[in-house]
Amino acid sequence: METALRRRGLTVVWLLVGVLAVGIGALEWTDHLRAKSGGADPADPRLLLPVPLAELGAIEIADAGMVHRFERDATGAWFYHGAHGVAEGAHTHDPDPARAERIAQAFAALGRARAERDFPLGRDGATYGVASPELVILVYRPGQSQPLVQYAVGHVAPDTVSRYVTVVGHPVVVTIPAYQIDNLRDLIRTMGGAPGPPGATGAGRR
């Protein structure tokens, strides 16, 4: 009788171990899928980007009169297309793997950006800085000439760690972590040699 109980107990233990292993495997697979889609849950309604990063073909960042364009090549690797604007800028198609990884890291962080707080825009565009944005971000699907969405980036919020952002044409302003914008400006400086803005931290968080 005692031997049978011991065997039954061992069976239960092994069953629990098996269930635990399956659970761990499922979590790891979920994390793998999130990483492939940009590191975040695409169903999260608070995500800044409307689609997973993997579904985008190009991102443009307009800063200080220059438009910096980043695209994906046929293999899905990011490259810096170049800078265009009133001032003369570089126009390059850079296949360098190290630079491609640097761009991918910055945009993966952007793909994880979540709206923190919401404010009605109303007539307060100037207050938030989105009426004359410091930065404009345009995201494109592959092969499309019209942007999927445009973001106007305004002032740093009073808490000093957030930025006001609005989807152009929408009546709501949200805040996102300010380091997300620092990341993008760092990326521009790295790729295009643009001078950093006064007081830039260059934190480069991801």
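Check the entry above for the structure.
None of the values given here were measured: they were computed from a predicted structure. (Residues numbered from 1 in each chain as written. Predicted model: local features only at pLDDT ≥ 70, side-chain atom pairs only at ≥ 80, totals over all residues. Heavy atoms only, no water.)

Colleague: Explanation requested: the side chain of arginine 69 in the structure shown.
Modeller: Its location among the elements puts arginine 69 in strand β2 (residues 66-72). Beyond its immediate stretch of four places on either side in the chain, arginine 69 contacts Ala58, Ile59, Glu60, Phe79, Tyr80, His81, Gly82 and Tyr140. (Helix = DSSP H or I, 4+ residues; strand = E, 2+ residues; numbered from the N terminus. Contact = heavy atoms within 4.5 Å.)

Colleague: Help me understand the packing of aromatic side chains in this model?
Modeller: What characterises a pair of aromatic rings is the spacing of the ring centres plus the angle enclosed by the ring planes. Overall, the coordinates contain six aromatic pairs when judged by the stated rule. Here the aromatic rings of phenylalanine 70 and phenylalanine 107 are separated by 5.4 Å at their centres, their planes lie at 90 degrees, and the arrangement is edge-to-face. In this pair, phenylalanine 70 is assigned in strand β2 and phenylalanine 107 in helix α2 (residues 97-111), connecting sequence segments 37 residues apart. The interplanar angle of 70 degrees and the centroid separation of 4.9 Å between the aromatic rings of tryptophan 78 and phenylalanine 107 together place this pair among those described as edge-to-face. Here tryptophan 78 is found in strand β3 (residues 78-85), whereas its partner phenylalanine 107 is found in helix α2, with 29 residues between them in sequence. Accessibility assignment for this pair places tryptophan 78 and phenylalanine 107 in one class, buried. Three or more aromatic residues joined by ring pairs form one cluster here, namely Phe70, Trp78, Tyr80 and Phe107. In this arrangement the basic side chain of arginine 69 is found over the ring face of tyrosine 140, its NZ or CZ atom lying 5.1 Å from the centre. (Phe/Tyr/Trp six-rings, centres within 6.5 Å; stacked < 30°, edge-to-face > 60°. Buried < 20%, exposed > 50% of the residue type's maximum accessible area, 1.4 Å probe, protein only. Lys NZ or Arg CZ within 6 Å of the ring centre and 35° of its normal.)

Colleague: Explanation requested: the pattern of salt bridges in the structure shown.
Modeller: Two side chains with opposite charge may pair up if their charged atoms get near one another. This structure, assessed with the given rule, holds nine salt bridges. Residue arginine 114 pairs with aspartate 44 through a salt bridge whose shortest N-O separation is 2.7 Å. Residue arginine 114 is located in the loop between α2 and β4 (118-120), and its partner aspartate 44 is located in the loop between α1 (2-36) and β1 (58-63); the two are separated by 70 residues in the primary sequence. Among the salt bridges present, the one from arginine 69 reaches glutamate 60, with a minimum N-O distance of 2.7 Å. As far as the burial class goes, arginine 69 and glutamate 60 line up, both buried. (Salt bridge = Lys/Arg side-chain N within 4 Å of Asp/Glu carboxyl O.)

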